[in-house]
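Given next are the chains, with one letter for each unit.
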Amino acid sequence: MRFRPVHRPALLAATILSAAALAGCAGTTAGAGDGEAGGLQLVVRDGHLREVGAACSGARPYLGVHKGAQLSLHDDEGRQVFAAVLGDGEAVKVDDIDYGTAPRIPTFCRFSLGIAELDDGTQYSVSIDGQVVAEHEADAADPMVFVPALADPTIEGTE
């Protein structure tokens, strides 16, 4: 095996792109101002490079979040209160950075789930194909379910 050095410009570009993707994942909501879809939405916070608006599925480590997967929400008593089969996701911007003419930028994958009758303030378990992937507190003003869940800033160590 032969060692091939990485050129500085390539290393610098990879570092900047990685930092931008991670900064965007730290605490933004997907698609603000992007003409968001109505109803409940599942947002996979994977920061994958895609064309904005392209059909998508979750990227590593969220490959199980894809078209055809069964999503369900269960209340604290284990009752299923909502179920949907995922369609195509849509790539939405992670952040507000201007990437110029770059064809692919850091994105999240957003799935429209339809209208759900959820009680505000109630905690639900989110499952994909029977595997719990997140917890979701219902909020009519913010109908997005995040995978992974957004960190709670009131809990020490999650800033």
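In what follows, the structure referred to is the one given above.
What comes next concerns the included structure. Model, not experiment: these values are computed from the prediction. (Residues numbered from 1 in each chain as written. Predicted model: local features only at pLDDT ≥ 70, side-chain atom pairs only at ≥ 80, totals over all residues. Heavy atoms only, no water.)

The subject of this paragraph is the state of the cysteines. For the coordinates displayed, the defined rule picks out one disulfide. There is a disulfide in this structure between cysteine 56 and cysteine 109, and the S-S distance comes to 2.1 Å. The chirality of the disulfide connecting cysteine 56 with cysteine 109 is right-handed, given an S-S dihedral of about 105 degrees. Placement of the pair is cysteine 56 in strand S2 (residues 55–56) and cysteine 109 in strand S6 (residues 105–114), with a sequence separation of 53 residues. (Disulfide = S-S within 2.5 Å. Helix = DSSP H or I, 4+ residues; strand = E, 2+ residues; numbered from the N terminus.)

Mapped onto the secondary structure, arginine 110 falls in strand S6. Of the residues examined, arginine 110 reaches a relative accessible area of 3% and is grouped as buried. (Buried < 20%, exposed > 50% of the residue type's maximum accessible area, 1.4 Å probe, protein only.)

Time to look at the pattern of salt bridges. Within this structure, the stated rule accounts for five salt bridges. Across the pair arginine 50 and aspartate 46 runs a salt bridge, and its minimum N-O distance is 2.7 Å. Between arginine 79 and glutamate 77 there is a salt bridge whose closest N-O contact spans 2.8 Å. Arginine 79 gets classed as partly exposed once you look at its relative accessible area, which sits at 48%. (Salt bridge = Lys/Arg side-chain N within 4 Å of Asp/Glu carboxyl O.)

On to unusual backbone geometry, then. Going from arginine 60 to proline 61, the amide bond is cis rather than trans, its omega being 0 degrees. With an omega dihedral of -10 degrees, the bond running from valine 147 to proline 148 counts as a cis peptide bond. Along the chain, proline 148 falls in the segment after strand S9 (144–147). In this model, aspartate 129 sits at a positive phi of 50 degrees, which is unusual for a non-glycine residue. Note on aspartate 129: relative accessible area 49%, which makes it partly exposed.

On the surface, a cluster of negative charge is made up of Glu117, Asp119, Asp120, Glu137 and Asp139. Tracing the backbone through its elements, the reader meets aspartate 119 in the loop between S6 and strand S7 (123–128). (Patch = residues over 30% accessible without salt bridge, like charges linked within 9 Å, V, L, I, M, F, W, Y side chains within 5 Å. Areas by Shrake-Rupley, 256 points an atom, 1.4 Å probe, with all protein chains shown as cover. Lys, Arg positive; Asp, Glu negative; His and termini not counted. Charge placed at Lys NZ, Arg CZ, Asp CG, Glu CD.)

Let us look at the sheet that holds S2. Within the open sheet, the five strands sit side by side as S2-S5-S6-S1-S9. Their pairing is mixed. Either end of the sheet is taken by a strand with one partner, and the two such strands are S2 and S9. Pairing of strand S5 (residues 89–93) with S6, which is carried by four bridges, proceeds in the antiparallel orientation. Counted as the bridge partner of alanine 91 is cysteine 109 from S6. (Pairing = 2+ DSSP bridges.)

So, on to the pairing of S6. Of all 10 residues in S6, eight are buried; the element is thus mostly enclosed. Of the strand pairs in this sheet, strand S1 (residues 40–50) and S6 are connected by eight bridges, and their pairing is antiparallel. Across the sheet, residue leucine 42 finds its bridge partner in S6, namely phenylalanine 111.

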